[in-house]
Structures are given as structure tokens and as C-alpha cells.
Amino acid sequence: MSSLPPELVLCVFIHGFKGTDGTFCGFPERLKHVLNETLQGTKVECVVFPSYETRGDLAEATARFVSWLTELTVNLESSHNLRAGGAKVVLCGHSMGGLLAADALLGIAGAESKDADRQGKMIWPRIVACIGYDTPYLGLHPNVFKHSMNQMNTYIDAAKAVASEFGLFGLAASPVPTSATGASPQAQAQAQASGQVQKHARAQSEGQRPGSRTEKERLLAPPPYTPTPKPLDTSSWTKQLSSLSISPTYVAAAAGTLLAGAAAGTAYYKRQDLAGGWQWASEHLQYVGNLWDEKGLKRRLELVISTGVVFRDFYTLLPASALHPTERTFSILPPSSSPSHPHFVPQTNKVAKDEIEAHIGMFEPKSNDGYYEMGLEVVRVIGEAV
């Protein structure tokens, strides 16, 4: 009598804005080792979603991720002789990767649908947990920019110099662009993610294999970024500024940070190449613009919790010190009275100099003295989910 195949747990890591597939350092492999030692009768695979373009609509990035995830899940379930839903998926997103993970979950689960429509329906891919690593589910804490203002001023000056030399538009008067469709990122993500899952479901029902991608590199390759050409209309940005509860200085700081990235490489490009710099900035601002959609952020968080999927956000916490008499966080946290508050877990870092350093260095022991404690808590949460 043949033995049953071991259960399969697939942990998928997603980097954030301007991150890479190296963002997580050795954390995924360490987590895989500990989970395989901890979860008896279970095989654990940790996969990092390859580097992807963090620009344009978040919904488009979500759809590309869901397409990749569904194909990966089909192949793994098939190779492990598991039925559909046999692989338990844990989504792990750092920074804005956590927003992408949340939107993917909502799209796959059909969280915007009526409860009656969702009853009795199994989520596939079978997502059992959504874990954020310092993901600003309710937005960035304003003090992040306050504590880094000197550096921000340098960025803004560099950006203005680029804008002046290459004839780009005014910086401070241009708010963050939103989706051209007017739909919320969650609604777009749900529609596109659901379409991707249905496409793979149809392929399965028709007896089709998920493709000829047998090599690991091809299996894990992210779908290409294919932006939809749109005419640049900066007048719409001005109109949107009045409808957003955002300080123009706050927007200028973020825009300056982005444009300064282009400024750093100015010497290597021709003038005509840099003429598209504003388009580059607008696409990236459109992506990070989700962090200023207060209503959308709250709605996303509520829906994620309503799915019943295990959800946690490990947020960096810098304790009070002589220089900083109050605790500091990279993200805005829900009030202690909020039902979502228990889902947020502090990840104390006593060695980072500021919130940004703690944010980008949370996956290395040398820059995060709470690294090992965080890892053990993540193991506990995943154990709870599976």
C-alpha cells in the first residue's frame, strides 16, 4: 500500500517598492529549514518572487503575480502528486509587497463578493496565511520623513536640478496620480486576479498542462512588465491634489526621492533619454500613491481580516532613547481599540539608526538584533495557519 504524499507548504516572498529578489537575504532558506524540522510530515518550499517592476497600477503588478503564482502552484501540486488545493500557500510580503500579497489574496478569495457567493467555495491557490514584514497597511508614519528631512532636502534639490535642466514639470504642484480607470486598487486587483485564476482553472478542466516550463528558471520567471501607453496629463494631478488629504511638502519629498534616483545616473544618459524622466517618475508615483489612499488602505485591511486567513504584520519598532524620547515606527499602526490591532506584531530593533534603516535591514542579523526572535514568531504563525 503506497503511503500518502507529505503535505506541502509553499511560502512565497514578495519584495516591495524598488526592492529585488535579494531583499530577503538568507531569511527564506533559514525559515524553510526550521519549518521542515518543526512541521512533521510536511515538506516546505520557500520561493522568492523574482524582481518585478514596481511602477504603474498596483493592480497590474498583482495580476502578474497571481498569474505566476497559479502556474507555480499547478506545477508543484502536480509534481508532488497532490490534488488541487493540496499545497498550502503562505504569502510573505515586505513593505509594499505586503499590499500586493493582500490584493492577491482578496482577488483569489473574491473578498468583495457577497458572503452567500463565497460560502462553500475553496480558495485556490489555497492561501492559508498572509504575512507582512513592515508593510504600511495604513500608510507611512509621517515621522519617517520628519526624521530624514535633511536627506530629503538633498533629494529634492537634486530632483529640481534635473527637472530644470531637462524641462520637466513643476515638482511640488504635482500630486500622486491614481488609476486611470477610477476603480480602487483592490477592485482592479480582484478582477484581474480572478481572471488569472479562472484562466488556469479552465486549462485544468480541459486537460491542459500548465505549459512546457520544466526548467526552474522558466518556472519562476516573472511575467514581463508591459505598461499600457498613456498620454501624460499633469493637469489631472493638480485636480487630484485638492481631493487628497496630503501635504504638498509630503508629496514633494516623495517625488524628490524618486527623481533623485534618476538624477544619480544623469551623466550616463543622453538628453533625449532623460526627456522621459517625468513619465518614469509618474509611473512610480502612481504605484506608491496607494500609500496615500487612506480609505482604500483601511478597506483593504478590513477585507483581508474578513477572509479568515491567518494574517500578521511584523512592524519594525525602534524603542525610545535619549535622542528620541518616544518609540518610532515605519508604518502607521491601528489604534489599540481597533479589531485589527492584535494582527500587528512589534519587531523591536535596537541597532538601527532610524525607521528607514530598520525597514530595509530587517532581514539581516547585523542590522536587526531582533532577527532570530522574528523568525521564531513567524514559524509559530505559519504553524498556526497550517
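The rules behind these values
- Residues numbered from 1 in each chain as written.
- Predicted model: local features only at pLDDT ≥ 70, side-chain atom pairs only at ≥ 80, totals over all residues.
- Heavy atoms only, no water.
- Helix = DSSP H or I, 4+ residues; strand = E, 2+ residues; numbered from the N terminus.
- Buried < 20%, exposed > 50% of the residue type's maximum accessible area, 1.4 Å probe, protein only.
- Contact = heavy atoms within 4.5 Å.
- Salt bridge = Lys/Arg side-chain N within 4 Å of Asp/Glu carboxyl O.
- Polar contact = N/O pair within 3.5 Å; in protein donor to acceptor, adjacent residues only side chain to side chain.
- Disulfide = S-S within 2.5 Å.
- Axes fitted to C-alpha atoms, helices over the stretch in contact; angles between N-to-C directions.
- Parallel < 35°, antiparallel > 145°, perpendicular 65-115°, else oblique.
- Left-handed = near helix turned anticlockwise from the far one by under 90°.
- Nonpolar A, V, L, I, M, F, W, Y, C, P; charged D, E, K, R; others polar.

The chain carries the name AB hydrolase-1 domain-containing protein in an unreviewed UniProt entry, which gives Dacryopinax primogenitus as its organism.

1. Here's the deal with the environment of Leu35
With respect to the helices and strands, the residue Leu35 is situated in helix α1 (residues 27-38). Judged by its relative accessible area of 0%, Leu35 falls in the buried class. Between the alpha carbons of Leu35 and Ile382 there is a distance of 8.5 Å; along the sequence they are 347 residues apart. Excluding its chain neighbours within four sequence positions, the residues that come into contact with Leu35 are Cys11, Val44, Val379 and Ile382.

2. Description of the pattern of salt bridges
Applying the stated rule across the entire model yields eight salt bridges. Two residues, Asp103 and Arg300, come together in a salt bridge whose shortest N-O distance is 2.8 Å. Taken together, the positions of Asp103 in helix α3 (residues 97-109) and Arg300 in helix α13 (residues 294-306) put the pair 197 residues apart, joining distant regions of the chain. Assessed through its relative accessible area of 1%, Arg300 is described here as buried. Linked by salt bridges that have partners in common, Arg312, Glu377, Arg380 and Glu384 make up one network.

3. Some points on the side chain of Asn368
Tracing the chain through its elements places Asn368 in the loop between α14 (355-360) and α15 (371-385). Using a relative accessible area of 1% as the deciding quantity, one classes Asn368 as buried. Looking at Asn368, its side chain comes within polar contact range of the main-chain oxygen of Met362, at 2.9 Å. One polar contact links the side chain of Asn368 to the main-chain amide nitrogen of Gly370, over a distance of 2.9 Å. Beyond its immediate stretch of four places on either side in the chain, Asn368 contacts Gln347, Thr348, Asn349, Val351, Gly361, Met362 and Met374.

4. Some thoughts on the state of the cysteines
In this structure the tally under the stated criterion is zero disulfides. In this structure Cys11 is a free cysteine whose sulfur lies 4.2 Å from that of Cys46, the closest cysteine sulfur available. On the basis of relative accessible area, Cys11 is assigned to the buried category, the value being 0%.

5. Some points on the packing of α1 against α15
Running from N to C, α1 and α15 point in directions that differ by 50°, and their axes come no closer than 10 Å. Judged by the angle between their axes, α1 and α15 are oblique. In this structure, α1 meets α15 at a crossing whose hand is right-handed. Each of Phe27, Arg30, Leu31, Val34, Leu35 and Thr38 in α1 lies in contact with α15, whose residues at this interface are Tyr371, Tyr372, Met374, Gly375, Val378, Val379 and Ile382. When the residues that make up the contact of α1 with α15 are grouped by side-chain class, the tally is ten nonpolar, two polar and one charged.

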